[in-house]
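What follows is the residue order along each chain.
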Protein chains: 2
Amino acid sequence: MTSISIVGSGNVAYHLGRAIHNSGIRITHIYSRNTEHADQLARELGADVSDLESLPGNQLALICISDDAISQVIERIPADIPVAYTSGSVEIDKLPEREHLGVFYPLQTLSKGTDVDISEVPMLIEANTASFQSNLLELANKISRSVHVVDSAQRAQLHIAAVWINNFTNHLVYQAQEITRKNNLDDSLLLPLLKETVRKLGSQSPYDAQTGPARRRDLKTIEKHMASLEGDARELYKMITKSIQETYRDEKL
Amino acid sequence: MTSISIVGSGNVAYHLGRAIHNSGIRITHIYSRNTEHADQLARELGADVSDLESLPGNQLALICISDDAISQVIERIPADIPVAYTSGSVEIDKLPEREHLGVFYPLQTLSKGTDVDISEVPMLIEANTASFQSNLLELANKISRSVHVVDSAQRAQLHIAAVWINNFTNHLVYQAQEITRKNNLDDSLLLPLLKETVRKLGSQSPYDAQTGPARRRDLKTIEKHMASLEGDARELYKMITKSIQETYRDEKL
């Protein structure tokens, strides 16, 4: 693989496009519904802007667009062009059949304003033929050290896990900062603890790393905490605490 | 302040003891109920092992022991010795009165096996007199760049926030890894996403950083996710999703 096309001009197109470009593979054509963004990305990657229907044959078209639009867009791309899409939850079997169809999914939160080291991002690969799978693996290995063949069902499960890891963690931090905000305390006080929590999980399982009132069945502290919370925060505190207690119910203290 | 004593020989005693020792302040005496650990820490810090009753006067005794034991231990220390304790939730007013009583609380998860850069750990200071408060601030400033005067009520609130940040985040990661485990996927696949989630929160509020099906009201995906979860995980998913939806209920999509 020496050149590819990219369809889309959002966060994923931007980050994968840059990483692929920097790996020495030429990105020759960009298509996007948003022509302004297409122009911008094409300039940045030294590519031409193209129509969907006139993308070059014999090279991969990497489809970096929102889940809802994938099926429709793929149907407009000439049948001889191999395509791979970057979605966590769209199943390969649910898309219109074609000779070469695959998945090239970066398991990471990508936004334009933030630089991400793609070499550390897990790339989840799936394809409808063994030879196309090898091609996609080869491409993935050029940009990342963490490349995995994962089927649609597993990928859907990883997508759920990613909601826990990213969206739900975010919301916990939001709830915690609501507490500091209401008490006129500096939000940033909590960041070192958050960083250390995550750093520990690099060498320890979350099961082993757990501490705190729920695991050690410190009901006095739990009650005190509950009494000072209200609304959603209180309900969440109660349910997460219950779930932790349940997780360690057979542990001898 | 040129020398202090430490009471306790657990994780907090170990980490604070080392940081204070490295800042050039002598730790002359160690007391711990666990004489073996006391010996070990005393050797490491070049200190002598001591009884509670014979700690040297005219220097701070830093009490690094579990919440339940603080009141009792402080009562055994001669009244002329200034004491500060390292608890997040014990209120200063609930302890036996004495001339110099204070709090020296590191807002961080500390365990013996893990090195922590104390200079980045927020130190929360409180004292029953202004002069003793200055002494504690002076000591805190020698080991940390993040020193804050925080009263008992605020500290109790920060302790709740710390449960969200540390224990609850841990539990979310546990739940996410249960998903990967059940689907024969490598746990470590999720760590880059977790790291990036936290890294983003260094420059963006959790409110702004939020993405995912709950915020964008993608009910189809939420239903799909719910259908594939069960038990505690399902209930937690439902409630956290509801709480996120509630947080962004007035947002125009």
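This report concerns the structure included in the present document. All of these numbers come straight from a predicted model, not from anything done at the bench.

## Observations regarding the interface of chain B and chain A
Stage number 1. Each side of the interface is counted separately: chain B has 80 residues, and chain A has 80 residues.
Stage number 2. Between chain B and chain A the total buried area reaches about 7,900 Å² when both faces are included, carbon and sulfur atoms providing 69% of it.
Stage number 3. Where chain B touches chain A, the interface holds zero salt bridges.
Stage number 4. If you look at where chain B meets chain A, you find 28 residue pairs in polar contact (both at pLDDT 80 or more).
Stage number 5. Put simply, the parts of the chain that give the side of chain B that touches chain A at least two residues each are helix H5 (152-182), helix H6 (191-200), helix H7 (206-209), helix H8 (219-227) and helix H9 (231-247) of chain B.
Stage number 6. With 24 residues, the top contributor of residues to the side of chain B that touches chain A is H5(B).
Stage number 7. Here the side of chain B that touches chain A is composed, by residue class, of 38 nonpolar, 30 polar and 12 charged.

## Details of the sheet that holds strand E3 (residues 48-49) of chain B
Residues and elements named next belong to chain B.
Stage number 1. Pairing is mixed across the open sheet formed by eight strands, whose spatial order is E3-E2-E1-E4-E5-E6-E7-E8. Every other strand in the sheet has two partners, leaving E3 and strand E8 (147-149) as the edge strands with one partner each.
Stage number 2. Across three bridges, the pairing between strand E4 (residues 61-63) and strand E5 (residues 83-85) is parallel. Bridge pairing in E5 places Ala61 opposite Val83.
Stage number 3. Most of the contacts of helix H2 (residues 35-45) go to strand E2 (residues 26-31), to which it runs at about 175°, and overall it touches E2 and E3.
Stage number 4. Across the sheet, helix H4 (residues 130-143) is in contact with E5, strand E6 (101-106), strand E7 (123-127) and E8; its angle to E7 comes to roughly 165°.

## Some remarks on the relation of the copies chain B and chain A
Stage number 1. With an RMSD of 0.1 Å, the fit of chain B onto chain A corresponds to turning through 180° and sliding 0.0 Å along the axis. Both copies of the chain, as the preceding transformation shows, are related through a two-fold rotation axis. The rotation axis passes nearest to the C-alpha of Thr169(B) in chain B, at a distance of 2.9 Å.
Stage number 2. Both copies share a contact surface, since 100% of the interface residues of chain B are interface residues in chain A too.

## Concerning unusual backbone geometry
What you tend to see is this: most non-glycine residues have negative phi, and most peptide bonds are trans.
All names here are of chain B.
Stage number 1. A positive phi angle is found at Asn58, which is not glycine, with a value near 65°.
Stage number 2. Owing to a relative accessible area of 78%, Asn58 belongs among the exposed residues under this scheme.
Stage number 3. For Asn184, which is not a glycine, the phi torsion comes out positive at approximately 55°.
Stage number 4. Turning to its location among the elements, Asn184 is positioned in the loop between H5 and H6.

## Considering the pairing of strand E2 (residues 26-31) of chain A
Residue and element names in this part refer to chain A.
Stage number 1. For E2, a buried count of five out of six residues is recorded, marking the element as mostly surrounded by other parts of the structure.
Stage number 2. Bridge count for strand E1 (residues 3-7) against E2 is five bridges, and the pairing is parallel. Bridge pairing in E2 places Ile4 opposite Ile27.
Stage number 3. Strand direction decides the pairing type here: E2 and strand E3 (residues 48-49), joined by two bridges, are parallel. Paired with Ile30 across the strands is Val49, a residue of E3.

## Focus on the sheet that holds E3(A)
Residues and elements named next belong to chain A.
Stage number 1. The strand order E3-E2-E1-E4-E5-E6-E7-E8 describes an open sheet built from eight strands, whose pairing is mixed. Strands at the two margins of the open sheet, each flanked by one partner only, are E3 and strand E8 (147-149).
Stage number 2. The strands touched by helix H2 (residues 35-45) within the sheet are E2 and E3, with E2 carrying the most contacts at an inclination of about 175°.

## Structural notes on the pattern of salt bridges
Stage number 1. In this structure the tally under the stated criterion is 22 salt bridges over all chains.
Stage number 2. Note that Arg145(A) and Glu120(A) form a salt bridge whose closest N and O atoms lie 3.2 Å from each other. Pair noted here: Arg145(A) is in the loop between helix H4 (130-143) and E8 and Glu120(A) is in the loop between strand E6 (101-106) and strand E7 (123-127), with a separation of 25 residues, a long-range link.
Stage number 3. By relative accessible area, Glu120(A) is classed as partly exposed at 43%.
Stage number 4. A salt bridge links Arg215(B) to Glu251(B), with the nearest nitrogen and oxygen atoms 2.4 Å apart. Of this pair, Arg215(B) sits in the loop between H7 and H8 while Glu251(B) sits in the segment after H9, placing them 36 residues apart in sequence.

## Topic: the packing of aromatic side chains
Stage number 1. As enumerated under the stated definition, the model contains 10 aromatic pairs over all chains in all.
Stage number 2. Their ring planes at 45° and their centres at 6.1 Å tell us that Tyr174(A) and Tyr207(B) sit as a pair that is tilted. Here Tyr174(A) is found in helix H5 (residues 152-182), whereas its partner Tyr207(B) is found in helix H7 on a different chain.
Stage number 3. By relative accessible area, Tyr174(A) is classed as buried at 18%.
Stage number 4. Given a relative accessible area of 30%, Tyr207(B) falls into the partly exposed group.
Stage number 5. Ring centres of Trp164(B) and Phe168(B) lie 5.2 Å apart, and the angle between their planes is 70°; on these two criteria the pair is classed as edge-to-face. Taken together, the residues span about one helical turn, with Trp164(B) and Phe168(B) both in helix H5 at a distance of four residues. Across this residue pair, the class does not change: Trp164(B) and Phe168(B) are buried.

## Digging into the packing of H8(B) against H9(B)
Residues and elements named next belong to chain B.
Stage number 1. Running from amino to carboxyl end, H8 crosses H9 at an angle of 160°, the nearest separation of the two axes being 10 Å. As judged from the angle between their axes, H8 and H9 are roughly antiparallel. When the axes of H8 and H9 are compared, the crossing they make is right-handed. Contacts from Leu219, Ile222, His225 and Met226 in H8 reach Arg234, Tyr237, Lys238, Thr241 and Gln245 in H9.
Stage number 2. The class makeup of the residues in the contact of H8 with H9 is four nonpolar, three polar and two charged.

Reading the values: rules and limits
Residues numbered from 1 in each chain as written. Chains lettered and ligands numbered in written order. Predicted model: local features only at pLDDT ≥ 70, side-chain atom pairs only at ≥ 80, totals over all residues. Heavy atoms only, no water. Contact = heavy atoms within 4.5 Å. Buried area = accessible area lost by both parts, 1.4 Å probe. Salt bridge = Lys/Arg side-chain N within 4 Å of Asp/Glu carboxyl O. Polar contact = N/O pair within 3.5 Å; in protein donor to acceptor, adjacent residues only side chain to side chain. Helix = DSSP H or I, 4+ residues; strand = E, 2+ residues; numbered from the N terminus. Nonpolar A, V, L, I, M, F, W, Y, C, P; charged D, E, K, R; others polar. Pairing = 2+ DSSP bridges. Axes fitted to C-alpha atoms, helices over the stretch in contact; angles between N-to-C directions. Least-squares fit on C-alpha atoms with pLDDT ≥ 70 in both. Buried < 20%, exposed > 50% of the residue type's maximum accessible area, 1.4 Å probe, protein only. Phe/Tyr/Trp six-rings, centres within 6.5 Å; stacked < 30°, edge-to-face > 60°. Parallel < 35°, antiparallel > 145°, perpendicular 65-115°, else oblique. Left-handed = near helix turned anticlockwise from the far one by under 90°.

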